[in-house]
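The primary structure of each chain is shown beneath.
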Amino acid sequence: MKQLTKAEEDIMHVLWQLKKANVKQIIEELPEPKPAYNTVSTIVRILESKGFVDYEKKGKGHIYFPLLEKHEYSNQSINKLVDNYFQGSFKSMVSFFMKKNDIKLNELESILKEINKKE
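Notes on the structure follow. (Residues numbered from 1 in each chain as written. Predicted model: local features only at pLDDT ≥ 70, side-chain atom pairs only at ≥ 80, totals over all residues. Heavy atoms only, no water.)

This paragraph deals with helix H4 (residues 70-85). Helix length check: H4 (16 residues) gives 22 Å between terminal C-alpha atoms against 22 Å at 1.5 Å per residue, within 8%. Of the positions making up H4, those classed as buried are Tyr73, Gln76 and Val82. Where the residues of H4 are buried, they touch helix H1 (6-18) and helix H5 (90-101). The first or second residue beyond H4 is glutamine 87, which carries a positive phi of 50 degrees. (Helix = DSSP H or I, 4+ residues; strand = E, 2+ residues; numbered from the N terminus. Expected span 1.5 Å × (residues − 1). Buried < 20%, exposed > 50% of the residue type's maximum accessible area, 1.4 Å probe, protein only. Contact = heavy atoms within 4.5 Å.)

Given below as structure tokens:
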């Protein structure tokens with residue numbers, strides 16, 4: 001699966017939130033300064049060519065919708081992060097984040113409880 005650029009990811013977050021939207025609706029949800037209509041339209045077409053979004057015709061325009069769920073992309077992105085920066089070891093990744101972000105013991109215990117619920 002292809003990676004998204006920052007701009008593409010911003011658009012995908014809007015589509016994941018709205019489920020379906022035209023370019024104007026996407027722009028309304030983006031933070032200031034708002035990008036130009038043509039810019040967003042181009043990015044959406046790129047997302048379509050990458051297989052992340054599709055559209056349905058509505059009058060003279062298009063209504064875009066995501067083909068990939070947010071959790072699917074998140075999972076793929078995290079796995080790529082672990083593979084590229086932590087030699088495929090989730091243990092190394094967790095250890096790194098604990099050291100760099102000063103995670104408290106009670107936070108770690110809470111995380112472990114959540115993991116144990118899943119098992």
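Another aspect to go through is the pairing of strand S2 (residues 61-66). Bridge analysis of strand S1 (residues 53-58) against S2 gives six bridges, and the strand direction is antiparallel. When the sheet's bridge partners are listed, glutamate 56 is paired in S2 with isoleucine 63. In textbook terms, the turn of a hairpin is the stretch between consecutive antiparallel strands, and for S1 and S2 this stretch comprises two residues, one of which, glycine 59, has a positive phi near 65 degrees. (Pairing = 2+ DSSP bridges.)

This part is about the nonpolar core. With 20 residues, the main nonpolar core has Ile11, Ile26, Val40, Leu47, Phe52 and Val53 as its most contacted residues. Breaking this core down by element, the ones donating at least two residues are H1, helix H2 (23-29) and helix H3 (37-50). Among the elements that line this core, the one with the most residues is H1, at five residues. Those residues in contact with leucine 47 that sit more than four places away from it in its chain are Leu4, Glu8, Ile11, Met12, Phe52 and Val53. (Core = buried A, V, L, I, M, F, W, Y, C linked by side-chain atoms within 4.5 Å.)

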